[in-house]
Every structure is written in C-alpha cells, then in structure tokens.
Amino acid sequence: MVQMAEDANKDVFFSLKVMINKDKNKVLFALVDADFADVLLSFLTLPLGKIVKVLAKHYGEEDRAPVVGSLTSLYNGLANLDGVYFCTEGSKEMLLDPTSSFESECRKLKIDVGDNQPIRYFTCENWDCKCQRDENVGMYNDNGSCKCGKRLSREIFVEEREAAAGGDGGGGGGGGVFANKTSGFLISDDLRMVPNVAGSVMQTLGNLGVLDTEGAELRVVTFGFNEIMDLLKGSLLSSTPLSDIVLGEQQTGSASEPPVSTREPTATEKETTTISKKVVNLKLMVQESTNKLLFAQAESDFVNFLCSLLAIPLGGAEYLLGSRNCFKSIDNLHGSVVDIIDAKYLATPYMKNRLTKPMLAYGYMSKNRILPLGEQSFRRLLYYIRACPDKEWLTYTTNGYGGWPVGIDTPKVDREYVKGPIMYMVTDDLTVTPLCMTSTLSILKEMRISMSDVKEIEIQIGLQEALSILKASLTSTSALTDGLMINPVLKK
C-alpha cells in the first residue's frame, strides 16, 4: 500500500507559470493553482521527525540527504537506541514515523510528501476473547495487552463513512484540502504567498518582495514529485528555493548556515512565553580548561522532552518561535498564512488557525510537557461486530448507531516515550544513549581529557531554555551549546 501511494505521487505533475527577472538568474514569482498551494501548505503540517525520515528516504541516508540541524542525529540516535529503553515497542515506532494531526487531509493531496497512511488499530489476538472488545483497542502493533492478558496484535478494519475533519477543523466549503479549490496564489522565490486576486498590483508585488519587473520573462515549468521534494529541502536550507529548482543553481543558504528571518512575532505568538512552568534538571559535563561541553547527563524527563521535538509539526515550531525559526522560506510561508492570506481563501473557516498553530497528533502529548502546544482530540470511533459471518470493524463517525464507542490505548505508558529512572547521555548534537561508567570513561579517553579537567554543572530547563533548544535543533549540530548558550552559563 505504501509503494502504491509513492507510485501515485510520482505520476502527478503541476504546471507553474514562473516570472524570471531580465538577467535570468532569479525567479520573481510563480502563479500556482489550489492543488499546488495545498502541497506547499502541507509542509507546515509535517512533524519534524517525519521531515528527517522522508528526506533520508528520498535522497539516501549516506551522502545526499540534508542534515537538519541536530534533529537528524536525534532521530538516528533514537532509531539506534535499544527497544528495552522505550516504554513500549509502539512508543519507538511512533517517534520514528510520527503521525500528522492532518493525516486524513494529507492523504487527499495530489502529492503527499509525508506519505501519510491511515492510522491502524489493533485488538486482542484471540478472536474468541470474551473481554469487551470496545475497551481493548490499541494503536500500533504494540506491547499493549487485552484484559485477558493476550497482545493487542490483530489488526481491525476501519471503515471511513464520512470525510474526516482531522480534529478541530470542519465547517466551510471551498472543496480543497487546505486552500479553497477556486483560489489561485502567487508565490515568491522565498515562499511568500498571496492570493491571486484583483487589487493593487503594487501592493501584491510588495507583499511578495518584488521591487522590479522590467524585462521579466514568463516561463511555464513542470513540477513533479522530485521537484516537490527539492522544494521541501530548499525551503529548509535556502532563501531562494524556487530559483534553485527552476534555474538549476543553488543561490544561497546551507544546512549549517540557514538564511535568518527578521519577521517580528505577533502578540498571539508572544503568549507562548507565559504558559508553561514545567522545569527539568540537567547536568552538563564540561571540560574546565576550555569550557567546552562534553555531554549532558539526563534523566528520562529531559529525554522525553527531546523525543517530543520529533512530533512537533513544522508549523507548530513556527508558532512557538514566532515565525522566526531560522528557516527564512518556511518563516515566510507561515507568516503569509498568519498575516496575508484571509480565511476565505482557505478550505474551511478554521483552516487558518489550524495551519498557523497546528496541534500534535492524538497520543503524542507528554504528561510533563514543557512546550505549550496542544494535542488533537481523538476522532470518535464506533466498534461493530457481526457474528455470521464473523466480522468486526471500526467506523469514524459522529452520527452512527448500533456501535460501541471505543476507548484507545496509546503506545506510551503514562504518556511518556522512554523509561526511567535510567540515566541517559546526551551529546551536543542530541544523540541519546544509555549512560554507564564505561562509556563515559571511553569518551573521555577518546577525547584525551583527564577526569581532573572535567566539571559538572547542574542547570534547569524551563520554557525559555526548551524554546532555545528547539530553535537550535533546527539549524545547529551543536544544539545544546547553541541552545543553552553554554559559555555564558559557565561564566556565571
């Protein structure tokens, strides 16, 4: 089923009308339809861990896949972490292939770069189980257990009787996925986006950052799956992703030095700094002679915080950081939805708020969360069973009759990913491994650092520190040093 979805993506092509400057070295803007706009807006719905996964899959894990700050090493470290350290098998699985709260919408896209699949549900492996079935349903083929003691490992069919609302959407018309089906849009080289409507030409060009159109040339170009993947990569690494693809040259930006946005946060975005008061402790191991961070010693609460970063939608990171996450092109895309695109140009009246402040998918919010991002509500499921012939199924519905409402067990235990009270080692690039004396001594030996030259500093991680680590993780391979501004901390 996954391969069929990928093949379908690769058979779809978009036609874009692109305006090139007179020197033929820069795209001024592109005229796109609602289907292409839907795909571009879907970037905001991608969980950060999903971005790492799909880029590695498309470009190859060894050489061509871009390194996304410290998120790539965080993802790879958790992939290599033994399953015994996770609360369940499913908690590791859900981190390495995080679900979007827009899963049902994204499956309707012409090209779905996130390769979203329907959520799977499992019930007791024993068909003849006498326990109440609607109380024994789990997500993922997990270690969850039925009340009879057997595993929840038998997949149960899900029938979708109605269009999914995806959580807190609903209402409105439009007919598109994210954009109103009848809307067209203009997109600048750095992914500013405005509706293509009658009005002030100068104001529209100004919103796109276009200052001079003299001698410009119109071209028609084709974007398929590969170009869309290049656009996703370019949106993270370049301030000119359209020029990079259409004109075939990398104009600026890199994984380690992304173009920086200067957009100021809105009043709503500033509210995120006043919500969370949760703090966790972290011990930093530092070389005393150089003030260089060697690694951090962390309990499960800090590692669970790092795990939660992979589940955050890209648009959610934008919201938390006030559209200033150092990905200039993504900052512009998110800022366009916040400041320029009116709700009437989107598929539903609620879509603007959902795209600018996307929620975590159901089951991903940690018990002791630090970052103030909400979780999607559980879509109502009804359980049905028929004795002759033997058949059982689930239905997403708000008006079904005759079924039993289902309660779902999520893969996490107490809404956490990894187990405590185990201690973990976290390196500067957020690689997580179990902490043990032998591994610590081995690292110091490899670095040729004497124990007498190592000092331990204990700090607290609250909302501001968590936001700084999130921001650094997007662009820096030294997320702890840059996110915590280690040198100023050590000089206190």
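The coordinates are above.
Residues numbered from 1 in each chain as written. Predicted model: local features only at pLDDT ≥ 70, side-chain atom pairs only at ≥ 80, totals over all residues. Heavy atoms only, no water.

Examining the overall build of the protein
On a plain count of helices and strands, the protein comes out with 18 helices and 17 strands. Here the analysis covers contacts within the protein between residues at least 6 apart in sequence; of these, 71% occur between residues at least 24 apart. On the protein, roughly 21,900 Å² of surface is accessible, and the fraction owed to carbon and sulfur atoms is 50%. (Helix = DSSP H or I, 4+ residues; strand = E, 2+ residues; numbered from the N terminus. Contact = heavy atoms within 4.5 Å. Areas by Shrake-Rupley, 256 points an atom, 1.4 Å probe, with all protein chains shown as cover.)

Looking at the packing of aromatic side chains
This model, assessed by the stated rule, comprises six aromatic pairs. Consider the rings of Y85 and Y424, whose centres lie 6.3 Å apart with planes at 70 degrees: the pair is edge-to-face. With a gap of 339 residues between them, Y85 in the loop between helix 4 (71-80) and helix 5 (89-96) and Y424 in strand 15 (residues 424-426) connect regions that are remote in the sequence. A relative accessible area of 0% places Y424 in the buried class. Between Y384 and W393, the aromatic rings sit 5.4 Å apart at their centres with planes inclined by 5 degrees, giving stacked as the arrangement. (Phe/Tyr/Trp six-rings, centres within 6.5 Å; stacked < 30°, edge-to-face > 60°. Buried < 20%, exposed > 50% of the residue type's maximum accessible area, 1.4 Å probe, protein only.)

Quick notes on the pairing of strand 9 (residues 280-287)
The two faces of the sheet receive side chains in turn, since in a regular strand these alternate between them. In terms of burial, strand 9 is a largely internal element, six of the eight residues being buried. Note: strand 9 against strand 10 (residues 292-298), six bridges, orientation antiparallel. The residue of strand 10 that forms the bridge with L282 is A298. In this structure, the hairpin formed by strand 9 and strand 10 is closed by a connection of four residues, where N291 is found at a positive phi of approximately 60 degrees. (Pairing = 2+ DSSP bridges.)

Details of the pattern of salt bridges
For the structure on display, the rule yields twelve salt bridges. Look at the salt bridges and you will find they share partners, linking K24, E217 and R219 into a network. (Salt bridge = Lys/Arg side-chain N within 4 Å of Asp/Glu carboxyl O.)

As for the sheet that holds strand 7 (residues 193-195)
Read across the sheet, five strands follow the order 7-6-2-1-8 without closing on themselves; strand pairing throughout is antiparallel. Looking along the sheet, the strands with just one partner apiece sit at the ends: strand 7 and strand 8 (217-223). Here the average twist between neighbouring strands, direction ignored, is 25 degrees. Two strands pair when backbone bridges link them, and strand 2 (residues 27-32) and strand 6 (residues 185-188) are joined in this way by four bridges, in the antiparallel orientation. By the bridge assignment for strand 6, A30 is matched with I187. (Axes fitted to C-alpha atoms, helices over the stretch in contact; angles between N-to-C directions.)

Regarding the environment of A298
Within the element layout of this structure, A298 appears in strand 10. For A298, a relative accessible area of 1% corresponds to the buried category. Spatially, the C-alpha atoms of A298 and L435 are 8.6 Å apart, while their sequence positions differ by 137 residues. For A298, the residues in contact, after removing those within four places along its chain, are L282, V303, I422, M423, Y424 and V426.

Digging into helix 11 (residues 300-309)
Working note: α-helix, 3.6 residues per turn, so residues spaced by three or four point in the same direction. Across the ten residues of helix 11, nine count as buried, placing the element largely inside the fold. Every buried residue of helix 11 is accounted for by S300, F302, V303, N304, F305, L306, C307, S308 and L309.

Considering the nonpolar core
One recurring pattern in soluble globular proteins is that nonpolar side chains are buried together. The biggest cluster of nonpolar side chains holds 114 residues, and the ones touching the most others in it are F302, L306, L371 and V426. When residues no more than four places from it in sequence are discounted, the contact partners of L371 are F305, L309, I312, L320, L463, A466, L467 and L470. In this structure, M139, L381, Y383 and V406 belong to the second largest nonpolar core, which totals nine residues. (Core = buried A, V, L, I, M, F, W, Y, C linked by side-chain atoms within 4.5 Å.)

Here's the deal with the sheet that holds strand 16 (residues 432-434)
Here we have five strands laid out as an open sheet, ordered 16-15-10-9-17, and antiparallel in their pairing. For this open sheet the edge positions go to strand 16 and strand 17 (454-461), each flanked by a neighbour on one side alone. Adjacent strand axes in the sheet meet at a mean angle of 30 degrees when their direction is disregarded. Bridge analysis of strand 9 against strand 17 gives eight bridges, and the strand direction is antiparallel. Paired with K283 across the two strands is E458, which belongs to strand 17.

Looking at the packing of helix 3 (residues 48-59) against helix 8 (residues 225-237)
The interhelical angle for the contact between helix 3 and helix 8, taken along N-to-C directions, is 130 degrees, at an axis separation of 11 Å. With respect to helix 8, the axis of helix 3 lies oblique. Considering the relative orientation of helix 3 and helix 8, their crossing is left-handed. Mapping the contact onto sequence places I51, V54, L55, H58 and Y59 in helix 3 and F225, N226, M229, D230, L232, K233 and L236 in helix 8. A class-by-class count of the residues in the contact of helix 3 with helix 8 yields eight nonpolar, two polar and two charged. (Parallel < 35°, antiparallel > 145°, perpendicular 65-115°, else oblique. Left-handed = near helix turned anticlockwise from the far one by under 90°. Nonpolar A, V, L, I, M, F, W, Y, C, P; charged D, E, K, R; others polar.)

Digging into a nonpolar patch on the surface
Together, M437, L441 and M451 line one region of the surface with nonpolar side chains, adding up to about 340 Å² of accessible area. Tracing the chain through its elements places M437 in helix 15 (residues 437-447). (Patch = residues over 30% accessible without salt bridge, like charges linked within 9 Å, V, L, I, M, F, W, Y side chains within 5 Å.)

A word on helix 4
With respect to burial, helix 4 is a largely interior element, seven of its ten residues being buried. All buried positions along helix 4 are accounted for by L71, T72, S73, L74, Y75, G77 and L78. Buried residues belonging to helix 4 abut helix 3, helix 5, helix 11, strand 16 and helix 16 (463-475).

Regarding the side chain of D244
Among the secondary structure elements, D244 is positioned in helix 9 (residues 241-246). Polar side-chain contacts of D244 include one of 2.7 Å to the side chain of S238. (Polar contact = N/O pair within 3.5 Å; in protein donor to acceptor, adjacent residues only side chain to side chain.)

Remarks on the state of the cysteines
Each disulfide consists of one covalent bond between the sulfur atoms belonging to two cysteines. Under the definition given, this model contains zero disulfides. Here C148 stays free of any disulfide, with the sulfur of C124 as its closest cysteine sulfur at 3.6 Å. What makes C148 partly exposed here is its relative accessible area of 36%. (Disulfide = S-S within 2.5 Å.)

A word on the environment of D429
Within the element layout of this structure, D429 appears in the loop between strand 15 and strand 16. Taking the C-alpha atoms as reference points, D429 and A472, 43 residues apart in sequence, are found 9.8 Å from one another. Among residues more than four places away in sequence, those in contact with D429 are S70, S73, L74 and T477. Polar side-chain contacts of D429 include one of 2.9 Å to the side chain of T431.

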